[in-house]
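One letter stands for each residue in the lines below.
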Amino acid sequence: MALQEQPKKKKKIKVPKVINGETTLVEVEVDDTSGPVWGPKDAHTVINHPIRRVDGPAKVTGQAKYTYDVRVPGMLYGRILRSPHASAEIVSIDTSPAERMNGVKAVISYADKKQLKYEGDPVAAVAAITPEIAEDAIRAIKVTYKKLPHVVTPQQAIKPDAPRVFSGREEADLKGNLRPGETRGDKAEVEAALKTCDAVVEREFMITMQHHACLETHGIVVDYNGGPTATVYASTQGTFTIPGEAAQTLGLPNQQAVTAVVEYMGGGFGSKFGIDLPGEVACQLSKKAKAPVHLMLTRVDEFLMAGNRSGAWQKVKAGATKDGKLVAVSATQYRLGGLAEGSQAGIPYIYHAEKVYREVAALHTNQDGSRSFRAPGHPQACFPTESIMDDLAAAIGMDPVEFRKKNVSDPAYHRQLDAGAKAIGWENRNKTPGGGPGSGPNNALKRGMGCGCATWGGGGGPSCQVDVFITPDGGVVAQVGTQDLGTGSRTITAAVVADEFGLPVEAIETRIGHSTYGSANPSGGSTTTASLTPAVKDAAYNARTQFAAKLAPMLNAKPEDLIFHDGKVYAANAPDKALTWKQACAALGMAGLSARGEWKPGLSGNGVHGVHFAEVEVDTETGQVRVLKMVCVQDCGLCVNRTATESQINGGMIQGLGYALYEKTVADPFTGNMLNTTLDEYKLPGCMEMPEMIPIIDDGDERNVVIGMAEPATIPAAGAIANAVYNACGVRVTSLPITPDKILDGLAKLRKG
Amino acid sequence: MPHDKDELSRDGGGLSRRQFLKGVGLVGAGSALAADLLAPETAEAEPKPLQEAPAGETLKKGFLPITLNVNGQAVNMQVEPRTTLLNALRNHADPPITGPKLICDQGACGGCTVLVDGKTAYGCMLLAVDMVGKQITTVEGLAQNGQLNPVQEAFVEKDALMCGFCTPGFVMSVHALLQSNPNPTLDDVKHACAGNVCRCGTYPRVFEAALAAAQKMQGRA
C-alpha cells in the first residue's frame, strides 16, 4: 500500500519549537508542495509527544456508553440457543413453550439448517423483556438432535478414516479434512542444502487456538420498530461495515436506511467486523417483534461463536553453517482454523535462508471458524521460527542475537536487537541452556533470557474523509466516522488538528463512530492510524489555509507567513501583534469555517519492525514459569501519540504473554465440546502475572511518515518467552501454551539423557 | 455455587423470606424449588404464598418493587428475586447505571466491581433483593461535582485504560484499596486488582496510576 512519491522541491519554513517549555521559531526545510507535510519530527507541539486520551474522563467515570450499555425505549433482550454438539442434525424443534412465556416477544428457529457443524452453531433465538426471561425461554425450547461423528482435534481430523467436516460440494478440493494450499520452493534442493549444513534441527510445533476474549462481547442493539429506517449500535471495528448488512437483514431498501453508531467499543482484536452472527440474529428478532433488540453474546457464546486465532501444526527442519548462516528451511504448516481456513505466515519468517521449501494446508475440525486476530498468521510463524533460530544458534555455539543479525539484513532489526539486548541486560544471560546457577531452595529457580523479531505492514490508504469545523466562538470540531477500539483514534484525530493550529488537544471536540460522518476504513491490519491521520492532517491543513487567507489582511501579512501557535495567531515577523484564538475565530463571521480532508500519499508509510526480549524464571521443581521482565522495541515511523503507542506495545506484550503461557482452547475429542468457555477456565494474563514491562518506541526510525504498529507488538512474545525458558532450564517446549507439565516432562527427559 | 436446601435452612432452622429468596435465586433451574419459581408460567407479577415459607412470610415471584441506595440516591426498581445487583443497576434502574460492566457474569473478571457498604463486591454475584438497606457505590459515584477523584485522575494521567471496558472495575478496586491502605506497595496494588481482568493490557499503567494516586492523596492529606 506504500505509494511512492516523486522527488520534491524543498522549501524553508519557520516552525515553533519548544525546548524545556521555551518556544522559539526555527527554520526548517520541508518538501515544497502545495499540500500538507508533517514537518520535522521534533518540531511538533502535540503529536510525537505523550498525549492524554481525550475520552479518558468518560471511561473512568462510567459515562462512556458502549453498545452493551445502550438502552432504547421498548427494547428487548435477545438470546441465542446454541448447538450443544460439534456435529449434529436437528431432528425436531419445539419453540412453543418459549413462545407461550410471559415477556417473550419473538422466537425464531433455525430448524431448516441442514447440519450443525460446530458447538455453538445457532439453533434458535428469542427476544424478551429481560435477559433473564430470554434465558428461560431459550431453556424452554425443546430440541431433539441426531448426533453425528465429529473431529475437534487435529490428531482426530488428520486420520484417513476421520469423520468429514465438510460434505457434498464443499468437499470438492478436500483430501479428507485437509485442504491443500500453496507449495513454494523445491523440496529436493532444500534437502540437498541441509546436507551441507553443520547443524540441522528438526521439530514439530503445535499451537492451540487462542481466543480474542474481547471484554465487551460481540453484539448490537437494533433500534427498529418496523418503519422505514433503523439505528444500529454496534460493538464493531468498522462503523461502515454495519449499515449495508443491517439494511439487508432488516429488509430495508439500502444502507441509507440504517445509521450505525459506534460511540465506544470494548475490544475487537480482529474479531469484530460487520453485523456478524449476533447482529444478524438481532435484526431478525427485531424485524419479527417490530421492536428494538439488544443482543450481546454471553461469555460462553463469545468463546463458542465469536471466532479465534487459528492454531497451527507445523513440522520444521532447518540447517545452518558454523559461521552463522541459515542455509535451508523446510516447513509443513497446517492451519487449524476449525471451519475456516486459518492464517499462517511463512517460515523462516523475517529471516533469510538460501533455500526454502514450504507446504501449507488447512486442516478442518468441527470448531467455530477462525478470524483475523492481531497480526493474523504471524505469531504462528514467529514462535517456531524463533525457536529453531535459538536451537541452531545453540548448536553452532553462537550468541542468539548475533545469529539473528547474521540472517536478517534490515538495519532496523540490528538497531532494535541492540536496543532490546541493552534494556533486558542480555550480557547477564547465562551462555548455555540450563547452565545458570539457580536460586532459592535446592537452587530450583533458574533464570533465562530470549528474544524474537516481528514484521508487519501497518500502511494506510485512501479511505477516510475528515471534516474540520471552526465556529466563530472558537470551537473546533474534527469529525469522521471512524471507530476507536481503545487504540486511541479519537485522541489522534484531535491531536493532529491541535498540532496544526497550535491548540491544546482538549480544545478540539472529536466526533467519531457515526455512519453519517465522513467515511473511514474498518480498523483491521493496523491501518487506522496511517489511513486516518493523513486525512485529518489534510482537513486541518485545508482549514488552516482558509483561515490564514481570512486573517492575513488583519495581520498585514501574507497567508503563508501566519503562525498558529500556543492559542494565538500572528505574522512570523510580528509575534507581538498576535490575535488570540478567540479573536481570530470571531473574524470568521457567522458561518465559521469548514474544510474537508482526504488521505494523501507521502504522509503515511508501510512496514514496521519490532523485537521482544523476555527474562523468565523457571521453577524446575514445579515447572512454573514466571516472566520477570519483557522489553519490546517497536518502530512506527512518525509516532502520533507516544503514550498510547507505549500502551499498545504493553498490550501487545501482554497478549503475547497469555499466548505463550496461559491461553488454550481445550477441545474434548470424545464429546466434541470446548471445555473452557468461561474467564475462570480460559486463563487470561492478570495482575499477578505481570512482569516489569519496558515499551520502547524506536526513535532510530527516521521515516517521517505515520505507520500502524498495534498488531506487530504482540507477535514475538511467545518465541522470546519460549527461548527464555530454554535458556533458563534447557527445555525446548514446542507447543503453546508453555504449561508446567511440559517443562517437567522436558526436565525428566533431560535427566534421562 | 448452588446451595442445597439443607444449607439454606442451616442456621437457626428458620428461613427468612430474604434468605429463601437468595437461595432460590442461586439454585438455578436444577432443583424442584427453583424450577417452580423460574418456570415460564410463573413469570407474571402476582404474589403467591408457597408452602415452604414460614408462617407470616410471603414469597414473591415475578417482579417486585425494591429501593436501593445507589451513590447516595434512592433508586426504585422492579426486579425478580433472581436479578443480580449488576443487572438491576444496568437493566432495571431508570436511568440505567451502566458504569459497572457485565463481562463474565460469574465473578471471574471484576468488570462489575462496586462498593457495598464501602467494601468491593462483584455486582454479578449479588442479588439485588439482598442489597436493600445497603449503601451501593458505583464508578458513577466517585466523581464529586464533576471533579474526578484522585484515582480517576491518575488513570487518565497514566493512560491506565485503552478500550475502557474493564476500567470502571479497576477504578473501583484501586479506590477501595486506597481507602483502606493509603500507602500501598506495588504488590498491594497487584493483589487488590487480582480479581480484575483486562484484555487490552493496561495492567502496568493501572499499577502506575494506583501508586501515583496514593502519592497524590497523601500529599493532599
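Computed from a predicted model, the values in this text were never measured in an experiment. (Residues numbered from 1 in each chain as written. Chains lettered and ligands numbered in written order. Predicted model: local features only at pLDDT ≥ 70, side-chain atom pairs only at ≥ 80, totals over all residues.)

### Comments concerning the domain arrangement of chain B
Residue and element names in this part refer to chain B. Heads up, the condition is: Domain start and end points were adopted from an automatic or database domain assignment. To qualify as a helix, a DSSP run of H or I must reach at least 4 residues; to qualify as a strand, a run of E must reach at least 2; elements of each kind are numbered from the N terminus. The residue classification treats Ala, Val, Leu, Ile, Met, Phe, Trp, Tyr, Cys and Pro as nonpolar and Asp, Glu, Lys and Arg as charged. All others, Gly included, are polar.
Annotation of chain B at the domain level lists domain 1 (1-62), domain 2 (64-140) and domain 3 (150-220). Here the C-alpha centroids of domain 2 and domain 3 sit 22 Å apart. The set of elements that each furnish at least two residues to the side of domain 2 that touches domain 3 consists of β3 (113-116) and β4 (119-122). Top element by residues in the side of domain 2 that touches domain 3 is β3. It accounts for 3 residues. Classifying every residue of the side of domain 2 that touches domain 3 by side-chain character gives 6 nonpolar, 5 polar and 2 charged.

### Some points on the nonpolar core
Let me state the cut-off plainly: Nonpolar core, as used here: buried Ala, Val, Leu, Ile, Met, Phe, Trp, Tyr and Cys residues forming one set through C-beta atoms within 7 Å. Here a residue counts as buried when 20 or more other C-beta atoms fall within 10 Å of its C-beta, as exposed when 12 or fewer do, and as partly exposed in between; the C-beta atoms come from the backbone. Working definition of a contact: two residues with C-beta atoms, positioned from the backbone, lying within 7 Å.
In terms of nonpolar packing, the biggest core is built from 290 residues, with V126, A137, V497, I721 and V725 of chain A touching the most fellow members. Beyond its immediate stretch of four places on either side in the chain, A137 of chain A contacts A98, M101, V104, V107, V126 and A128 of chain A.

### Quick notes on the domain arrangement of chain A
All names here are of chain A. What the domain assignment reports for chain A is domain 1 (10-64 + 460-598), domain 2 (70-149 + 212-305), domain 3 (164-210 + 308-409) and domain 4 (412-458 + 606-753). If you average the C-alpha positions of domain 2 and of domain 3, the two centres end up 38 Å apart. Contact residues are listed per partner, giving 11 residues for domain 2 and 11 residues for domain 3. Among the residues making up the side of domain 2 that touches domain 3, the classes are represented as 5 nonpolar, 5 polar and 1 charged.

### Here we look at the environment of V75 of chain B
Residues and elements named next belong to chain B. Mapped onto the secondary structure, V75 falls in strand β2 (residues 73-79). Under the C-beta neighbour-count criterion, V75 is labelled partly exposed, with 18 such atoms within 10 Å. Taking the C-alpha atoms as reference, V75 lies 9.4 Å from P95; in sequence the two are 20 residues apart. The residues touching V75, leaving out its near neighbours within four places in the chain, are T67, L68, V70 and A93.

### Concerning the interface of chain A and chain B
Contacts between chain A and chain B engage 53 residues on the former and 52 residues on the latter. Residue assignment for the side of chain A that touches chain B shows that the elements contributing at least two residues are α1 (56-61), α3 (131-140) and α15 (642-661) of chain A. Looking at the side of chain A that touches chain B element by element, the count peaks at 7 residues for α15 of chain A.

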